[in-house]
Amino acid sequence: MKFLGLLTVLITGFLLIQAERDFPDWGDVNSPASSYKLSQHYITQTFAETSVPNMVTAVLADYRGYDTMFETVVIFTAGIAIIGILRVFGSNIKPDHPEVVLTKKKPDLIVETTCRLLIPIIQLFALYVVAHGHHSPGGGFQGGVIFGASFILLALARDLQYAQQWVPENRILNLAGIGIFIYAGFGVASLLLGGNFLDYGVLTAIIPGDVKDAHSHSMLGVEIGVAFTVTAIMFSIYSSLSSNGHMKEGI
Amino acid sequence: MVAIEALADKFNYWVYIVIMMIGLYAMVSKNNLIKKLIGMSVFQTAIILFYVSIGYKDEATIPILYHDQVHGAHHAEEGDHSDEGAHHDETHAMEAIAKEATHHGNDHAVDADHAEVDEHEADHVIDAHVMHNESDHAFEAGHGGLDIDPNQFENPLVHVLMLTAIVVGVATLGVGLAITQKLYGEFGTIEEHEIIEQLRTGND
């Protein structure tokens, strides 16, 4: 079996290396991907069309809005799937193998104090990454992950139950749904105003400013929706995996 | 020496193939499910490296406009007029080249084969010129108050694609870990062959 696997890998690798001869050189400005009109359009026209200097965010949230919306749905579905696979209701169901029993100790002073100092800063930074995502590196996914990580840090430093005082299970799933609703809401709003789905240009009717500002502000709104979902699902994945589906006695 | 240069020119692509094959080998031939998941992550990382390498341009920076480029552009006019002008220039240039090419072709019209070759060459010249003009055109029409050279920034499209690929990677890894945990609770092992053994003999 191992030999067969190695053989498959070697043959695949050989074929890929053969194909690699046709690739353009690394960093070649005239390579097909770089000289194709679409990516050049993104680089030269993004600011003129959306007044967003960060082209990655503009392409993510505006030009490829459908893709990103369903990406958010993928995250949401993964979170739901993990809960569906692992979640155990009730406390009397015991698995066959003995669970690791952690002795309940008083939380360490240094760890606790460090977390008390760090977590607000992490959350503030996460909000900055979301809110400033269309002007500097950042966006909904990145900010959402940072925000979710702050709750995971809390759960690691104390325990899962302590963290769930702030983010209980039902609230976290509501948050994940609200995120997608915000995203889809921008799409439906532009439908109702006579445009295409996620065509932010027509939102000038309800967002102050001209067409470019409507694009820019809608991107911010959409990123906030993404951040909601990602934050919620990141913590949900952690709490499901760390507590073996009980959502109580975590690491 | 030539071999080393060829290696250096496409170094990232070599590395991506090596990393990807390591991931594939782990996925195919490891028995431990966690090791398989690690292999999957390594594989995804290789794909991310591949795409980001495609988007790289020499002496280019990340695809975010500089503050100086953005500053004051809000009040600038749209580039529509210059757009038209550039288009006009382009058609003009094309006509001129076509004229030149036919003239060139007539000189050699005696030999049919030669004429064909010349026409072919002329086509090439036009193609090259049009392409050149188009990039100029994009460059000129790009401003709307801004001077943006497409070669100044890396390709943003691949970065976007990889951002979403990372997200899918996290989702698949999470689901995979959840399934592994469930299997461990069910069978008491994460070795694939032991699970298959238990399934075959009939787990009570």
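Scroll up a little and you will see the structure.
Note that the structure is a prediction, hence the values are computed from the model and not measured. (Residues numbered from 1 in each chain as written. Chains lettered and ligands numbered in written order. Predicted model: local features only at pLDDT ≥ 70, side-chain atom pairs only at ≥ 80, totals over all residues. Heavy atoms only, no water.)

Visitor: So what about the overall build of chain A? Which residues, and what values?
Guide: A tally of regular secondary structure across chain A gives ten helices and zero strands. Across chain A, helices and strands are ordered from the amino to the carboxyl terminus as α-α-α-α-α-α-α-α-α-α. A compact globule built from 251 residues would reach a C-alpha radius of gyration of about 18 Å, whereas chain A, at 23 Å, exceeds it by more than 25%. On the principal axes, the C-alpha backbone points of chain A span a range of 60 × 60 × 35 Å. The burial tally for chain A puts 46% of its 251 residues in the buried class. For chain A, the separation between the mean place of its 14 positive charges and that of its 19 negative charges on side chains is 13 Å. (Helix = DSSP H or I, 4+ residues; strand = E, 2+ residues; numbered from the N terminus. Rg over C-alpha atoms; globule rule 2.2 N^0.38 Å. Buried < 20%, exposed > 50% of the residue type's maximum accessible area, 1.4 Å probe, protein only. Lys, Arg positive; Asp, Glu negative; His and termini not counted. Charge placed at Lys NZ, Arg CZ, Asp CG, Glu CD.)

Visitor: Go over the overall build of chain B, please, and point to the residues and values.
Guide: Secondary structure summary: chain B contains eight helices and zero strands in total. Element order for chain B, N to C, with α for helix and β for strand: α-α-α-α-α-α-α-α. By residue count, 33% of the 204 residues in chain B fall in the buried class. Contacts in chain B between residues far apart in sequence, at least 24 positions, make up 74% of those at least 6 positions apart. As displayed, chain B offers around 12300 Å² of accessible surface, 60% of which is attributable to carbon and sulfur atoms. (Contact = heavy atoms within 4.5 Å. Areas by Shrake-Rupley, 256 points an atom, 1.4 Å probe, with all protein chains shown as cover.)

Visitor: How would you summarise a nonpolar patch on the surface if you had to cite specific residues and measurements?
Guide: Nonpolar side chains collect at one region of the surface, where Phe3, Leu7, Ile11, Phe14 and Leu15 of chain A lie side by side and expose about 540 Å² of accessible area between them. Mapping Leu15 of chain A onto the fold places it in helix 1 (residues 2–20). (Patch = residues over 30% accessible without salt bridge, like charges linked within 9 Å, V, L, I, M, F, W, Y side chains within 5 Å. Salt bridge = Lys/Arg side-chain N within 4 Å of Asp/Glu carboxyl O.)

Visitor: If you had to explain unusual backbone geometry to someone new, which residues and values would you point to?
Guide: All names here are of chain A. One non-glycine residue, Ser51, lies in the positive phi region at around 50°. Residue placement: Ser51 occurs in the loop between helix 3 (37–50) and helix 4 (55–63). Judged by relative accessible area, which is 6%, Ser51 ranks as buried. A positive phi angle, close to 65°, is found at Leu198, a residue other than glycine. For Leu198, the location among the structural elements is in the loop between helix 9 (169–192) and helix 10 (211–242). Using a relative accessible area of 5% as the deciding quantity, one classes Leu198 as buried.

Visitor: Describe in detail the packing of aromatic side chains, supporting the description with residues and values.
Guide: Summed over all chains, the structure comprises 14 aromatic pairs over all chains. Through pairs of rings, three or more aromatic residues link up here, namely Phe23 of chain A together with Tyr13, Tyr16, Phe50 and Tyr51 of chain B. Directly above the ring of Tyr162 of chain A sits Arg158 of chain A, whose terminal nitrogen or CZ lies 3.9 Å from the centroid. (Phe/Tyr/Trp six-rings, centres within 6.5 Å; stacked < 30°, edge-to-face > 60°. Lys NZ or Arg CZ within 6 Å of the ring centre and 35° of its normal.)

Visitor: Describe in detail the side chain of Ser216 of chain A, supporting the description with residues and values.
Guide: Relative to the assigned elements, Ser216 of chain A resides in helix 10. Beyond its immediate stretch of four places on either side in the chain, Ser216 of chain A contacts Thr50, Ser51, Val52 and His134 of chain A.

Visitor: Lay out the nonpolar core with the relevant residues and their values.
Guide: Counting 47 residues, the largest nonpolar core has Phe141, Ala155, Tyr183, Tyr200, Val222, Phe235 and Tyr238 of chain A as the members making the most contacts within it. Mapped onto this core, the elements with two or more residues apiece are helix 4, helix 5 (65–86), helix 6 (109–131), helix 7 (140–157), helix 8 (160–164), helix 9 and helix 10 of chain A together with helix 7 (156–187) of chain B. No other element matches helix 10 of chain A, which puts eleven residues into this core. Grouped together as the second largest cluster of nonpolar side chains are nine residues, Tyr16, Ile17, Met21 and Leu24 of chain B included. (Core = buried A, V, L, I, M, F, W, Y, C linked by side-chain atoms within 4.5 Å.)

Visitor: I'd like to hear about the interface of chain B and chain A, residue by residue, with values.
Guide: By a widely used convention, the size of an interface equals the accessible area lost when the partners come together. Counting residues at the interface gives 59 residues for chain B and 59 residues for chain A. Buried area between chain B and chain A, summed over both chains or domains, comes out near 5500 Å², and the portion from carbon and sulfur atoms is 71%. Inspection of the chain B/chain A interface yields zero salt bridges. Taken together, chain B and chain A are joined by nine residue pairs in polar contact (both at pLDDT 80 or more). Per-element accounting of the side of chain B that touches chain A gives the leading share, 20 residues, to helix 7 of chain B. The residue makeup of the side of chain B that touches chain A, split by class, is 38 nonpolar, twelve polar and nine charged. (Buried area = accessible area lost by both parts, 1.4 Å probe. Polar contact = N/O pair within 3.5 Å; in protein donor to acceptor, adjacent residues only side chain to side chain. Nonpolar A, V, L, I, M, F, W, Y, C, P; charged D, E, K, R; others polar.)

Visitor: Which residues make up helix 5 of chain A, and what values do they have?
Guide: An α-helix turns once per 3.6 residues; consequently, residues spaced three or four apart project the same way. Its 22 residues place the ends of helix 5 of chain A 32 Å apart at the C-alpha level, agreeing with the 32 Å of an ideal helix rising 1.5 Å per residue. What helix 5 of chain A keeps buried is the set Gly65, Thr68, Met69, Glu71, Thr72, Ile75, Ala78, Gly79, Ile82, Ile83 and Leu86 of chain A. Contact partners of the buried residues in helix 5 of chain A: helix 4, helix 7, helix 9 and helix 10 of chain A together with helix 7 of chain B. (Expected span 1.5 Å × (residues − 1).)

Visitor: Let's hear about the environment of Asp108 of chain A: which residues, and what values?
Guide: Residue and element names in this part refer to chain A. Structurally, the position occupied by Asp108 is in the loop between helix 5 and helix 6. Residue classification places Asp108 among the partly exposed positions, given a relative accessible area of 44%. It is 8.7 Å that separates the C-alpha atoms of Asp108 and Arg158, two residues lying 50 residues apart in sequence. In terms of polar contacts, Asp108 uses its side chain to reach the backbone amide nitrogen of Ile110, at 3.3 Å. Reaching out from Asp108, the side chain makes a polar contact with the backbone nitrogen of Val111 at a distance of 3.4 Å.

Visitor: Requested: an account of the pattern of salt bridges, with residues and values cited.
Guide: Residues and elements named next belong to chain A. Scanning the entire structure with this criterion turns up five salt bridges over all chains. A salt bridge links Glu169 to Arg87; the nearest nitrogen and oxygen atoms lie 2.8 Å apart. One end of the pair, Glu169, is in helix 9; the other, Arg87, is in the loop between helix 5 and helix 6, with 82 residues separating them in the sequence. Classification of Glu169 as partly exposed rests on a relative accessible area of 22%.

Visitor: Could you give an account of the environment of His41 of chain A, with specific residues and numbers?
Guide: Residue and element names in this part refer to chain A. Inspection of the secondary structure puts His41 in helix 3. If sequence neighbours within four positions are ignored, His41 has contacts with Thr46 and Glu49. Among the polar contacts made by the side chain of His41, one reaches the side chain of Glu49 at a distance of 3.3 Å.

Visitor: Tell me about helix 4 of chain A, and name the residues and values.
Guide: Along helix 4 of chain A, eight of the nine residues are buried, which leaves the element largely enclosed by surrounding structure. Those residues of helix 4 of chain A lying buried are Met55, Val56, Thr57, Ala58, Val59, Leu60, Ala61 and Asp62 of chain A. On the buried face of helix 4 of chain A, the contacting elements are helix 3, helix 5, helix 7, helix 9 and helix 10 of chain A together with helix 7 of chain B. Capping the start of helix 4 of chain A, Asn54 of chain A holds a side-chain oxygen 3.1 Å from the backbone nitrogen of Val56 of chain A, two or three residues further along.

So far we have only geometry, and geometry alone does not tell us how the molecule works.
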